[in-house]
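# A structural walkthrough
Here's the letter readout for the chains.
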Amino acid sequence: SIAHTYARSYLSQLDAGNKFFSTSALHVHVPAGATPKDGPSAGCTIITALLSLALNKAVAPDLAMTGEVTLTGRVLPIGGVKEKLLAARRSGIKQVIFPEGNKRDYDELTSELKEGITPHFVSHYDQVFKLALEYDGPLKKQASSSSSDAASGNSA
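Right, let's walk through the structure included here. (Residues numbered from 1 in each chain as written. Predicted model: local features only at pLDDT ≥ 70, side-chain atom pairs only at ≥ 80, totals over all residues. Heavy atoms only, no water.)

## Examining the pattern of salt bridges
- Counting across every chain of the model gives one salt bridge.
- As a salt-bridge pair, Lys 103 and Asp 107 come within 3.3 Å of each other at their nearest N and O atoms. Of the two residues, Lys 103 and Asp 107 are both situated in helix 5 (residues 103-107); the distance of four residues between them amounts to about one turn of the helix. (Salt bridge = Lys/Arg side-chain N within 4 Å of Asp/Glu carboxyl O. Helix = DSSP H or I, 4+ residues; strand = E, 2+ residues; numbered from the N terminus.)

## Details of the sheet that holds strand 5 (residues 118-122)
- The three strands lie next to each other as 1-4-5, forming an open sheet whose pairing is parallel. Only two strands of the sheet have a single partner each, and these edge strands are strand 1 (63-65) and strand 5. Here the average twist between neighbouring strands, direction ignored, is 25°.
- Where strand 4 (residues 95-99) and strand 5 come together, five bridges link them in parallel fashion. Across the sheet, the residue bridging to Phe 98 is Phe 121, located in strand 5.
- Across the sheet, helix 7 (residues 125-133) lies against strand 1, strand 4 and strand 5, angled at about 150° from strand 5, the strand it touches most. (Pairing = 2+ DSSP bridges. Axes fitted to C-alpha atoms, helices over the stretch in contact; angles between N-to-C directions. Contact = heavy atoms within 4.5 Å.)

## Re unusual backbone geometry
- Of note in this structure, Asn 56 is not a glycine but carries a positive phi near 55°.
- Relative to the helices and strands, Asn 56 is located in the loop between helix 3 (43-55) and strand 1.
- The exposure class assigned to Asn 56 is exposed, which follows from its relative accessible area of 58%. (Buried < 20%, exposed > 50% of the residue type's maximum accessible area, 1.4 Å probe, protein only.)

## Remarks on helix 4 (residues 81-90)
- Those residues of helix 4 lying buried are Val 81, Leu 85 and Ala 88. Burial along helix 4 is one-sided: seen end-on, the buried residues are contained in an arc of 60°. Across from the buried face of helix 4, at angles greater than 90 degrees, the exposed residues are Glu 83 and Arg 90.
- Where helix 4 is buried, its residues meet strand 4, helix 5 and helix 6 (111-114).
- Backbone geometry just downstream of helix 4 places Gly 92 in the positive-phi region, at approximately 80°. (Arc of directions from axis to C-beta.)

## With respect to the packing of aromatic side chains
- Under the definition given, this model contains eight aromatic pairs.
- A centroid spacing of 5.8 Å and a plane angle of 40° characterise the contact between Tyr 6 and Tyr 10, whose relative ring orientation is tilted. Here the residue Tyr 6 and the residue Tyr 10 both occupy positions in helix 1 (residues 2-14), the gap between them amounting to four residues, near one helical turn. Note on accessibility: Tyr 6 and Tyr 10 belong to one class, buried.
- Residues Tyr 6 and Tyr 125 carry aromatic rings whose centres are separated by 5.7 Å and whose planes lie at 75° to one another, so their mutual orientation is edge-to-face. Here the residue Tyr 6 occupies a position in helix 1, and Tyr 125 occupies one in helix 7, the gap between them amounting to 119 residues. (Phe/Tyr/Trp six-rings, centres within 6.5 Å; stacked < 30°, edge-to-face > 60°.)

## A few points about the packing of helix 1 against helix 7
- Closest axis-to-axis distance for the helix 1/helix 7 pair is 13 Å, and the angle between their directions is 70°. Judged on the interaxial angle alone, helix 7 and helix 1 are roughly perpendicular. Residues Tyr 6, Tyr 10 and Leu 14 of helix 1 form the contact with helix 7, whose participating residues are Tyr 125, Asp 126 and Phe 129.
- Partitioning the contact of helix 1 with helix 7 into residue classes produces five nonpolar, no polar and one charged. (Parallel < 35°, antiparallel > 145°, perpendicular 65-115°, else oblique. Nonpolar A, V, L, I, M, F, W, Y, C, P; charged D, E, K, R; others polar.)

What follows is the structure, given as structure tokens:
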């Protein structure tokens, strides 16, 4: 799948020494009854979940996201902006990541629907990663501390 391929590539750029994808068996189950048109819009979410596992970093707890991702990391527009915002509101979400291409759809929604939710509009997966995993510097710093943990027998 594109999400798996992109996550592997992204991780290799962040931390070439991270062997998560080569040493882990992964299976992402998408129920057969799922709405076919909803599948691609989960790209950002699936990539982020895979990277969260690989990096052992939690995703921001009040954040929801949507967006189709290409093999080059571009985040493409999706459908159902209103419905996705309603679902986020029902779930108590405070921040939502949308593709930049959906900004006009979002702007057309009522202020009542948007109240209390901070939107983030992105055009590339790098922006999603920074928002979702609160990435704020070179991963190598973290990798070196986890290497010393592994050497001392401490592991997560």
